[in-house]
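Observations on the model geometry
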Amino acid sequence: MRSRSKVWRTTALFAGFALLLSACGGDKPQNTLDPAGPFSRKIDALFDPVFWIAAAVFVLVEGLIVVALVKFRHRPGNPVPKQVHGNKRLEIGWTLAPSLLLAGVAVFTIPVIFQLAGKPTGNDLRVNVTGHQWWWQVQYPAEKVTTANELHIPIGRKVYITLTSNDVIHSFWVPRLAGKQDLEPKRTTHLFIQADAPGTYLGQCAEYCGLSHANMHLRVVAETASDFNAWVQQESQPAGQPPPGVLALMTRPNIACNGCHTINGVKDSTGSPFVGTTGPNLTHFGSRDRFAGDTYDNTPGLLAQWIHDAPSLKPGSDMPSFAGKLTKQDIDALVAYLESLK
Ligand code: CUA
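Definitions and cut-offs
- Residues numbered from 1 in each chain as written.
- Predicted model: local features only at pLDDT ≥ 70, side-chain atom pairs only at ≥ 80, totals over all residues.
- Heavy atoms only, no water.
- Pairing = 2+ DSSP bridges.
- Helix = DSSP H or I, 4+ residues; strand = E, 2+ residues; numbered from the N terminus.
- Axes fitted to C-alpha atoms, helices over the stretch in contact; angles between N-to-C directions.
- Contact = heavy atoms within 4.5 Å.
- Polar contact = N/O pair within 3.5 Å; in protein donor to acceptor, adjacent residues only side chain to side chain.
- Core = buried A, V, L, I, M, F, W, Y, C linked by side-chain atoms within 4.5 Å.
- Buried < 20%, exposed > 50% of the residue type's maximum accessible area, 1.4 Å probe, protein only.
- Phe/Tyr/Trp six-rings, centres within 6.5 Å; stacked < 30°, edge-to-face > 60°.
- Arc of directions from axis to C-beta.
- Parallel < 35°, antiparallel > 145°, perpendicular 65-115°, else oblique.
- Salt bridge = Lys/Arg side-chain N within 4 Å of Asp/Glu carboxyl O.

**A short note on the sheet that holds strand β10 (residues 217–223)**
With mixed pairing, the 3 strands of this open sheet are ordered in space as β4-β10-β9. Two strands bound the open sheet, and with one partner strand each, they are β4 (150–154) and β9 (199–204). The mean angle between the axes of side-by-side strands here comes to 20°, regardless of whether they run parallel or antiparallel. As defined by bridge partners, β4 adjoins β10 across 5 bridges and the pair is classed as parallel. Bridge pairing links L151 to V220 in β10. Contacting β4 and β10, helix α4 (residues 225–235) crosses the sheet at an angle of about 135° to β4.

**Considering the side chain of S165**
Relative to the helices and strands, S165 is located in strand β5 (residues 159–165). Of note is the side chain of S165, whose polar atom sits 3.1 Å from the backbone nitrogen of D167. Looking at S165, its side chain comes within polar contact range of the main-chain oxygen of V168, at 2.4 Å.

**Observations regarding the nonpolar core**
Of all hydrophobic cores here, the largest spans 32 residues; its most connected members are V129, Y140, L151, F172 and I193. Sorting the residues of this core by element identifies β1 (125–132), β2 (135–140), β4, β5, β8 (189–193), β10 and α4 as the ones contributing at least two each. Setting aside its immediate chain neighbours within four residues, I193 contacts F39, L151, I153, R157, K158, V159, I161, L177, A178 and V220. V246, Y296, L303 and A304 belong to the second-largest nonpolar core, a separate cluster that totals 30 residues.

**Points about the packing of aromatic side chains**
Counted under the stated rule, the structure contains 11 aromatic pairs. Centroid distance F39 to F192: 5.3 Å. Interplanar angle 5°. Geometry classified as stacked. Taken together, the positions of F39 in helix α2 (residues 38–71) and F192 in strand β8 put the pair 153 residues apart, joining distant regions of the chain. F192 sits in the buried class, given a relative accessible area of 4%. Ring geometry for W136 against F172: centres 5.7 Å apart, planes inclined by 90°, an arrangement best described as edge-to-face.

**Points about the sheet that holds β1**
Judged by pairing direction, the sheet is mixed, and its 5 strands sit side by side in the order β3-β2-β1-β5-β8 without closing on themselves. Each end of this open sheet is capped by a strand with a single partner; those strands are β3 (145–148) and β8. Strand-to-strand, the axes of this sheet are offset by a mean angle of 25°, without reference to chain direction. On top of the sheet, α4 reaches β1, β2 and β3; it is set at about 95° to β3, its chief contact.

**Quick word on the environment of A239**
Assignment of secondary structure puts A239 in the loop between α4 and α5 (244–250). You can call A239 buried: its relative accessible area is 8%. Taking the C-alpha atoms as reference, A239 lies 82 Å from P81; in sequence the two are 158 residues apart. When near neighbours in sequence (up to four residues on either side) are disregarded, A239 contacts I263, N264, V266, T283, Y337 and L341.

**Topic: α4**
Buried within α4 we find F228, W231, V232 and E235. Angular distribution of buried residues about the axis of α4 spans 100°; they occupy a single face of the element. Against β1, β2, β3, β4 and β10 lie the buried residues of α4.

**Quick notes on the environment of A103**
Examined against the element boundaries, A103 turns out to sit in helix α3 (residues 88–116). Placed 235 residues apart in sequence, A103 and L338 show a C-alpha to C-alpha distance of 56 Å.

**Considering the packing of α2 against α3**
Helix packing geometry: the angle between the two helix axes and the distance between the axes. Packing of α2 against α3 leaves a shortest axis separation of 10 Å and a crossing angle of 170°. Comparing the axis directions of α2 and α3 gives the class roughly antiparallel. The segment α2 lies against α3, with F39, K42, I43, L46, V50, I53 and V57 engaging L101, V105, F108, T109, V112, Q115 and L116.

**As for the pattern of salt bridges**
Applying the stated criterion across every chain, the model contains 8 salt bridges. The partner of R41 in a salt bridge is D196, with the nearest N and O atoms 2.1 Å apart. Taken together, the residues span a long stretch of sequence, with R41 in helix α2 and D196 in the loop between β8 and β9 at a distance of 155 residues. Residue classification places R41 among the partly exposed residues on the basis of a relative accessible area of 37%. Residue D196 is classed as partly exposed on the basis of its relative accessible area, which comes to 39%. In this structure, D294 engages R219 in a salt bridge whose closest nitrogen and oxygen atoms are separated by 2.7 Å. Placement of the pair is D294 in the loop between β13 (290–291) and β14 (296–297) and R219 in strand β10, with a sequence separation of 75 residues. A residue is classified by how much of its surface remains accessible, and R219, at 12% relative accessible area, is buried. Taken together, the shared-partner salt bridges in this structure form one network comprising R219, D289, R290, D294 and D297.

And the structure:
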């Protein structure tokens, strides 16, 4: 019985290690060890030497422990070993050696900290990101573009992100482009990102922020300068107008999309614009790959499910359930309009 439970324990341990190691390396979209831009590369260039120094210290220290365990273990008949205390030479030695080691690591680390925390120049693209429970508002102040969960950036250009939070502390993390940066209520923090090549770089909130923290993803779409300019051009257009029936539905008091969402260029029957700020700006909703904190593919089926009962897809979401308030026809009409907003 005893040996069987031992076998199980060993098997479970090795399975656990295999699972842990499978998280490293390989072609993973959020692999911090596979930098895709100059800022993440600076961090990676520090990580490699520090890792090997730490590995050498680990092998040395653990090796000495194993040697001591075997060589000096208690044997029957052995007397209590001689107690040594206050060996000055030893104590100075094991204080000095790690201090020198850490000082050596600091020589390489400190300049990188300053390089990552630099100030932007006139040529850098500026983006403001605001964390919400649980999605990201993305604003391009100069371009006058507001979107959600999806940052478009031109390749080869520094992007200076100013971050803040609407509610609790979140953490912006796109592992292949930069390190982590917290978003804090009532203050701003900053982060540079830059991508070498076109592609989609995935990220997510890296600070526990409530019920749907795990549903707070984001993506950075890096594209050529001309593709980026075309995107900005498209995103700065006002939204297409909803058919009268859809507008009536969206402004019905028990639905009131306009209470929480902005849709540039759309007004209710009294002429008031849609300027809600609780939820994402929907002006170009149909152009986004994903929705609900980059958690679901932007398909008509999933969007219909979302409008019907959002908290069933994202627990705790501010978007309430409209179950019983909207018919299937209502939902289909809303989905058709939202998906048309390219
Ligand atoms: Cu936002 Cu975790």
